[in-house]
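Coordinates in review
Here is what each chain is made of, one letter per residue.
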Amino acid sequence: MLEIIYSRERKNSDRELLERIRKDVSEQKKVTLLVPEQQVYNAEVMLSYNNIISPDIEVVGFRRLCESVFRRFGGLCYNNITDGARLILMWRTIAEISPMLKEYKNIALDDIDMIKSLMASVGELSLYGVSPKILEEIAEKVKDSNEKLSRKLYDIALIAAANSALLKNDYNDPAEDTKRVCEVLENNDYFGTRSVYIAHFISFTVYEKKIIENIIKSADSISVFLGMDRSDKRDIFEGIRKTEATLLKCAATNNISVVRTQLDIENTEISDDIAY
């Protein structure tokens, strides 16, 4: 079952989260709390401050979750590429394939800003699950209407494919971990005995959505806290509403029942004992 819990008040949602995790621990259930990477430490402090401590609780962002899955089922890598090495690798890529390029054929190899820009473009494509093949298909579709754009897209697709091939020869890319972990989770059950709580996200990348779909299909229970009131239709919450729609679609696709819970929006008096 998927439960979506709505609350615009962060302290209200945190209080509810603490109560549920405390109950799970008292029933000797395993718990996974998934939060944005930069909030992992704060979540650990919140649990510790409220004396909710158990070896059966894991507090993770997607990066640490990937590491946990890889440690259990295999796939943990140590030769991760650094930002400096990534830049050098992109420089090598441009140097090797420049004769094959169309729009970016005359890039100067000492133009670091342009190389950084192309590196960022390739990284963003990977983040959103756009393969070089898909980009080539788009380039072909817009060829007649916008030849300049088509040439740029073709070049970026070629650069992305060549850069990926070079990277795989010498390094592991941490940015690819969510993609790799999806493949591991397809064949292994990591969440089957766990109560999973997902809190404080506004949106997810393509592969993060696939991980969540795996959680929805396999977890003992999953509760997702969304930072808005259910009836609030203001534009400021458009990103969260899209996340809500994604969750509902995943549940419907996999025939998973959904419960929606609106936390009390009138009670804004919060005890200091949940502060962190």
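These figures come from a predicted structure and were not determined experimentally. (Residues numbered from 1 in each chain as written. Predicted model: local features only at pLDDT ≥ 70, side-chain atom pairs only at ≥ 80, totals over all residues. Heavy atoms only, no water.)

Notes on the confidence of the model for the protein
To keep things clear, this is the line we draw: Confidence scores per residue from the predictor, reported as pLDDT, run from 0 to 100. A run of H or I in DSSP counts as a helix once it spans at least four residues, and a run of E counts as a strand once it spans at least two, with each numbered from the N terminus. Contacts: residue pairs with any heavy atoms within 4.5 Å of one another.
Here the protein averages 90 in pLDDT, while 95% of its residues score no lower than 70. Within the protein, the lowest mean pLDDT, 91, falls on helix 5 (residues 112–127), and the highest, 97, falls on strand 2 (residues 30–34). When the criterion is pLDDT under 50, residues 267–276 qualifies, and its contacts beyond four places in sequence or with other chains add up to 21 contacts.

Thoughts on a nonpolar patch on the surface
Stated precisely, the cut-off is as follows: Exposure above 30% relative accessible area and the lack of any salt bridge qualify a residue for a patch; like charges then connect within 9 Å, and the nonpolar side chains Val, Leu, Ile, Met, Phe, Trp and Tyr within 5 Å. In these tables, accessible area is a Shrake-Rupley quantity obtained with a 1.4 Å probe, and a residue counts as shielded only by the protein chains included in the view. Within this document, salt bridges are pairs made up of a side-chain nitrogen of Lys or Arg and a carboxyl oxygen of Asp or Glu, the two lying within 4 Å of each other.
On the surface, Y41, V45 and Y49 cluster together to form a nonpolar patch covering roughly 350 Å² of accessible area. Take Y49: it is sitting in helix 2 (residues 40–49).

So, the packing of helix 9 (residues 206–218) against helix 10 (residues 238–253)
Helix-helix packing is described using two parameters, namely the angle between the two axes and the distance between the axes. For the record, the criterion: The convention used is that axes are lines fitted to C-alpha atoms, helices contributing only their stretch in contact, and that angles between N-to-C directions extend from 0 to 180 degrees. The cut-offs work like this: below 35 degrees is roughly parallel, past 145 is roughly antiparallel, 65 to 115 is roughly perpendicular, and the gaps in between are oblique. Take the far helix as your reference; a near helix turned counterclockwise from it by less than a right angle gives a left-handed crossing, and one turned clockwise gives a right-handed crossing. Side-chain classes are defined by residue name, with Ala, Val, Leu, Ile, Met, Phe, Trp, Tyr, Cys and Pro counting as nonpolar, Asp, Glu, Lys and Arg as charged, and the others, Gly among them, as polar.
Where helix 9 meets helix 10, the closest approach of the two axes is 10 Å, and the angle between their N-to-C directions is 45°. In this view, helix 9 runs oblique relative to helix 10, as classed from their interaxial angle. Seen along the crossing, helix 9 lies across helix 10 with a hand that is right-handed. Contact residues: K209, I212, E213 and I216 in helix 9; T246, L247, C250, A251 and T253 in helix 10. Residue classes in the contact of helix 9 with helix 10 are distributed as 5 nonpolar, 2 polar and 2 charged.

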